[in-house]
Amino acid sequence: MAESKKKAVQPDARASAEAPAGWVPTAEAKQKATTFRWIAVALWVLAIAGEAVGIFWLLRQRVVTGKTGELVRNTDTGLLEPQGTTTFPQWAFISLLVLLVVIAALSITGSILWKKANRLDPARRSDTVRFFVQNQLGAIIAIIAFVPLIVMVFLNKDMSKGQKTTAGIVGIVLALLATYMGIDLKPASVEQYTADQSAVIQLLGHDEVSWVAGGSVYHVCDQVSDIQTGSAIETGTTAKAVEAGKTRLTLKLKSELEKCGLPVPENVAEITDALRQTQDGQTATLPAPVWGEGVTPPIDIKDAAPAAN
């Protein structure tokens with residue numbers, strides 16, 4: 001730490017030109033996210049279509065057993081109906097179980113792609129309704145694709161008790177699994193990506209980080225041990241890192257800055273805590289770096305004027 005305090009760094013000439021107003025995805029990331037979303041929607045449409053097939057066709061299948069060929073009058077409705085007992089055919093029961101598995105597979109695959117899209121092109125946490133719907137849409141679709149079908153299974157009068165129990169249990173288990181897979185417990189947000197990017201620019205002087213294939217973290221330079229894996233080391237902006245599947249800045253700021261021979265701010269622990277909170281989905285104010293005596297800040301950024309009342 002003492003060494004980093006003595007080492008003065010000159011402001012990076014690229015910093016002012018590269019410092020953005022806020023984080024935005026790269027064009028490639030946005031295009032990839034759009035593709036993932038269209039595929040996810042198509043899969044979800046197929047899942048709901050499968051549910052409709054189950055409700056309006058499969059569950060209406062029945063066979064009449066017992067005495068046939070005569071009509072009898074139903075004393076409850078006053079209507080004529082074939083004599084005998086109606087049952088749910090075994091082929092339809094097996095088809096129903098297969099259909100439930102297919103609906104789950106379509107729903108879960110769609111949710112995985114949708115969450116990947118949200119990592120590449122997230123919503124703003126400040127836009128509360130959109131943020132919730134966009135990040136939990138997979139769970140909402142899973143509920144829509146399963147609940148009506150499960151209800152109709154239990155209301156079916158032709159299915160035997162054993163068929164209802166088996167189909168009901170399978171449907172509920174798959175519905176819970178698909179819903180869980182659709183939930184995003186730690187969704188990314190524009191605010192989180194902007195906080196990471198702002199920290200990078202203030203600490204390094206420009207928006208440039210390093211990463212390797214695998215993992216979800218990007219680093220402050222290409223010399224840190226975490227990326228000395230033998231894989232090709234990539235360098236680019238934080239937006240390019242997100243495009244490559246890296247969704248957050250490392251929290252090992254102190255050790256990485258020292259390893260890279262860069263000055264370490266005196267309040268590095270506070271900066272790390274603030275980033276940890278934003279990465280966990282909380283609201284936190286990112287502290288400005290406090291540099292030691294003799295250290296020239298990598299970039300000179302003034303505080304914004306207070307908002308007028």
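Quick note: structure is the one above.
Cut-offs used in this document
- Residues numbered from 1 in each chain as written.
- Predicted model: local features only at pLDDT ≥ 70, side-chain atom pairs only at ≥ 80, totals over all residues.
- Heavy atoms only, no water.
- Disulfide = S-S within 2.5 Å.
- Helix = DSSP H or I, 4+ residues; strand = E, 2+ residues; numbered from the N terminus.
- Salt bridge = Lys/Arg side-chain N within 4 Å of Asp/Glu carboxyl O.
- Buried < 20%, exposed > 50% of the residue type's maximum accessible area, 1.4 Å probe, protein only.
- Core = buried A, V, L, I, M, F, W, Y, C linked by side-chain atoms within 4.5 Å.
- Phe/Tyr/Trp six-rings, centres within 6.5 Å; stacked < 30°, edge-to-face > 60°.

Trainee: Got a sec to walk through the state of the cysteines? Specific residues and values, please.
Mentor: One pass over the structure, following the stated rule, counts one disulfide. A sulfur-sulfur distance of 1.8 Å marks the disulfide that ties C221 to C260. With the S-S dihedral at roughly -80°, the linkage between C221 and C260 falls on the left-handed side. With C221 in the loop between β6 (217–218) and β7 (234–236) and C260 in the loop between α9 (253–259) and α10 (268–279), this residue pair connects regions lying 39 residues apart in the sequence.

Trainee: Describe the pattern of salt bridges, with residues and values.
Mentor: Using the criterion set out here, one finds 10 salt bridges in the structure. Ionic pairing is found between K302 and D300, a salt bridge with its closest N-O pair at 3.7 Å. With a relative accessible area of 68%, K302 lands in the exposed category. Residue classification places D300 among the exposed positions, given a relative accessible area of 61%. Overlapping salt bridges, with partners in common, bring together K30, R37 and D121 in one network.

Trainee: Which residues make up the nonpolar core, and what values go with them?
Mentor: By size, the foremost hydrophobic cluster in this structure holds 37 residues, and its most contacted members are L59, L96, I103, F146, L149 and M159. At 13 residues, helix α4 (residues 90–120) tops the list of elements feeding residues into this core. If you look at the next biggest cluster of nonpolar residues, it comprises 24 residues, including V209, V212, I271 and V295.

Trainee: Tell me about the packing of aromatic side chains, residues and numbers included.
Mentor: Within this structure, the stated rule accounts for three aromatic pairs. Consider the rings of W44 and W114, whose centres lie 5.3 Å apart with planes at 45°: the pair is tilted. Here W114 lies in helix α4 and W44 lies in helix α3 (residues 27–56), a separation of 70 residues in the sequence. On the basis of relative accessible area, W44 is assigned to the buried category, the value being 3%. Relative accessible area serves as the criterion here: at 11%, W114 is assigned to the buried category.

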